[in-house]
Every structure is written in C-alpha cells, then in structure tokens.
Amino acid sequence: QEQLVESGGGLVQPGGSLTLSCAASGRAFSTYLMAWYRQAPGKQRELVAQITGGSTKYTDSVKGRFTISRDNAKNTVSLQMNSLKPEDTAVYYCYASQLFSRDYWGQGTQVTVSF
C-alpha cells in the first residue's frame, strides 16, 4: 500500500531552522511531482514548494528561505526551512502527484515557530 510519512516537525524559535522529511513507500515515486503544502489554523491549505524532474517552485513567502529536494534512490523528499517566522506555523503535508495516477497525501507534521 502506497503511503507518505512526514517527520521532522516541532517547535522552533523565530530565526531557527527545521528539516522536514517525507518517506514514500509502496511504489517508486521518482517520476512523480512531489510537493510540500501547509495549512495554518483557519486558513486554506497552500502550496509551499514543489519539485518535478529537476525543476523547483516556491511560494513567494518562502523563497530564499526554504529548499525542497528529493532522493529518488531513497524515495524521499525533504524541505529545509531556514529563517523561520511565526507565520510559518502550520501543519505541513507531503504530496505526490502524477498524470493518470491518483494523488497521495501524508498525515501531516506540525511546525510551530514561537518563543
């Protein structure tokens, strides 16, 4: 059974860093678009970063601070988050998508940026 499992969330002070990891299993996701979404309380889920092939895309609010990467051999995707701000507080979800295939979501991992 295919699944995505996130890890690495937690509490961090403003200006700090965290690295989120997403472990995919059940199939090879190397040809899939992989992405990180986040959802803050009372807000809609939003795309944070995506990677497909060798291309990456980021939402404006995280450009220059976050970096998405993938290791196809390990079937993982990561999100390095630097210079974290309180407004980055949200549940972060791993996502996988491919044409003519179903979408996959992880269960989410909480990131809280606060003193």
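Residues numbered from 1 in each chain as written. Predicted model: local features only at pLDDT ≥ 70, side-chain atom pairs only at ≥ 80, totals over all residues. Heavy atoms only, no water.

Help me understand the state of the cysteines in this model?
Where two cysteines share a covalent bond between their sulfur atoms, that bond is called a disulfide. This structure, assessed with the given rule, holds one disulfide. Two residues, Cys22 and Cys94, share a disulfide whose sulfurs are 2.1 Å apart. Taking the torsion about the S-S bond as the criterion, the Cys22 to Cys94 disulfide, at about -85 degrees, is left-handed. With Cys22 in strand β3 (residues 18-25) and Cys94 in strand β9 (residues 90-97), the pair connects residues that are 72 residues apart, well separated along the chain. In terms of burial, Cys22 and Cys94 fall into one category: buried. (Disulfide = S-S within 2.5 Å. Helix = DSSP H or I, 4+ residues; strand = E, 2+ residues; numbered from the N terminus. Buried < 20%, exposed > 50% of the residue type's maximum accessible area, 1.4 Å probe, protein only.)

Hey, could you run me through the pattern of salt bridges in this one?
Close approach of charged atoms allows side chains with opposite charge to pair. Under the criterion given, the structure shown has five salt bridges. Of the charged contacts in the structure, one is a salt bridge between Glu46 and Arg38, with a shortest N-O distance of 2.7 Å. Judged by relative accessible area, which is 31%, Glu46 ranks as partly exposed. Residue Arg38 is classed as buried on the basis of its relative accessible area of 5%. A salt bridge links Asp60 to Lys63; its shortest N-O distance comes to 2.9 Å. (Salt bridge = Lys/Arg side-chain N within 4 Å of Asp/Glu carboxyl O.)

Please clarify how the nonpolar core should be interpreted in this entry.
General note: in soluble globular proteins, nonpolar side chains tend to be found buried as a group. One finds Leu4, Met34, Trp36, Leu79, Met81 and Tyr92 to be the most contacted residues of the largest nonpolar core, which totals 29 residues. For this core, the elements supplying multiple residues, two or more each, are β3, β4 (33-39), β5 (46-52), β7 (66-71), β8 (76-81), β9 and β11 (109-113). Discounting chain neighbours no more than four positions away, the residues touching Leu4 are Cys22, Ala23, Ala24, Phe29, Met34, Cys94, Tyr95, Ala96, Tyr104, Trp105, Gly106 and Gln107. (Core = buried A, V, L, I, M, F, W, Y, C linked by side-chain atoms within 4.5 Å. Contact = heavy atoms within 4.5 Å.)

Where do I start with the environment of Leu84 in this structure?
Looking at the element boundaries, Leu84 is found in the loop between β8 and β9. For Leu84, a relative accessible area of 2% puts it in the buried group. Contact partners of Leu84, with chain neighbours within four places excluded, come to Val12, Pro14, Gly15, Gly16, Ser17, Leu18, Arg65, Phe66 and Val113.

What should I look at first to understand the sheet that holds strand β1 (residues 3-7) in this one?
Sheet strands pair by backbone hydrogen bonding; their relative direction is either parallel or antiparallel. What the four strands build is an open sheet, ordered β1-β3-β8-β7; its pairing is antiparallel. At either end of the open sheet lies a strand with only one pairing partner, and these are β1 and β7. The average undirected angle you get between the axes of adjacent strands in this sheet is 15 degrees. (Pairing = 2+ DSSP bridges. Axes fitted to C-alpha atoms, helices over the stretch in contact; angles between N-to-C directions.)

For this particular structure, what's the right way to read the packing of aromatic side chains?
Here the distance between the centres and the angle between the planes together describe a pair of aromatic rings. Counted by the stated rule, this structure contains seven aromatic pairs. The structure contains a cluster of three or more aromatic residues connected by ring pairs, namely Tyr37, Tyr93, Tyr95 and Trp105. When the ring centre of Tyr93 is taken as origin, the NZ or CZ atom of Arg45, which lies over that ring, is 3.7 Å away. In this arrangement the basic side chain of Arg45 is found over the ring face of Trp105, its NZ or CZ atom lying 4.7 Å from the centre. (Phe/Tyr/Trp six-rings, centres within 6.5 Å; stacked < 30°, edge-to-face > 60°. Lys NZ or Arg CZ within 6 Å of the ring centre and 35° of its normal.)

Help me understand the environment of Ala23, please; the structure alone is not making it clear to me.
Residue placement: Ala23 occurs in strand β3. On the accessibility criterion, Ala23 (39% relative accessible area) is partly exposed. For Ala23, the residues in contact, after removing those within four places along its chain, are Gln3, Leu4, Val5, Asn75 and Thr76.

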